[in-house]
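Secondary and tertiary structure notes
Residue strings, one per chain:
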Amino acid sequence: MISDSCWLLVVSYWLLVVGCWLLVVSYWLLVVGCWLLVVGCWLLVVGCWLLVVGCWLLVVGCWLLVVGCWLLVVGCWLLVVGCWLLVVGCWLLVVGCWLFRSSGAYENDAVMLYKG
């Protein structure tokens, strides 16, 4: 039979081996945990940067939308003014032609050109 001191020696040896193994495992878990912490912080910084860029793009997009709507309103207003000026111009052309015909000036011009 194995004496009590031998059992204590074997048990203490296995406890020492298990303790060293747990120490190595805890060391690697610590390394992996620190690595994950660094990656997490890096992702947090990138996420915040993307959030700032996204907000900036949102502000720029809203500003461009407002400018686009304003330009659309101005363009429609200019189209209405242009159509109104076209109607006025056509009306003035008709009135001018009517006044020219009623004055008889075109008949005198034709006679003068014929007599030459």
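Just so it is clear, the model here is predicted, and its values are computed rather than measured.

So, the overall build of the protein chain
Scanning the protein chain for helices and strands turns up two helices and zero strands. Across the 116 residues in the protein chain, those meeting the buried criterion constitute 1%. Entry remark: accessible area of the protein chain is about 10800 Å², with carbon and sulfur atoms responsible for 84%.

Notes on the packing of aromatic side chains
With the rule as written, the count across this model stands at two aromatic pairs. For the pair Tyr13 and Trp14, a centre-to-centre distance of 5.8 Å together with 70 degrees between the ring planes defines the contact as edge-to-face. Taking the centre distance of 5.6 Å and the plane angle of 70 degrees together, the rings of Tyr27 and Trp28 count as edge-to-face. Using a relative accessible area of 52% as the deciding quantity, one classes Trp28 as exposed.

Quick look at a nonpolar patch on the surface
Together, Val10, Tyr13, Trp14 and Val17 line one region of the surface with nonpolar side chains, adding up to about 400 Å² of accessible area. Summarising the element assignment, Tyr13 is placed in helix α1 (residues 4–103). Relative accessible area serves as the criterion here: at 49%, Tyr13 is assigned to the partly exposed category.

What counts and how
- Residues numbered from 1 in each chain as written.
- Predicted model: local features only at pLDDT ≥ 70, side-chain atom pairs only at ≥ 80, totals over all residues.
- Heavy atoms only, no water.
- Helix = DSSP H or I, 4+ residues; strand = E, 2+ residues; numbered from the N terminus.
- Buried < 20%, exposed > 50% of the residue type's maximum accessible area, 1.4 Å probe, protein only.
- Areas by Shrake-Rupley, 256 points an atom, 1.4 Å probe, with all protein chains shown as cover.
- Phe/Tyr/Trp six-rings, centres within 6.5 Å; stacked < 30°, edge-to-face > 60°.
- Patch = residues over 30% accessible without salt bridge, like charges linked within 9 Å, V, L, I, M, F, W, Y side chains within 5 Å.
- Salt bridge = Lys/Arg side-chain N within 4 Å of Asp/Glu carboxyl O.

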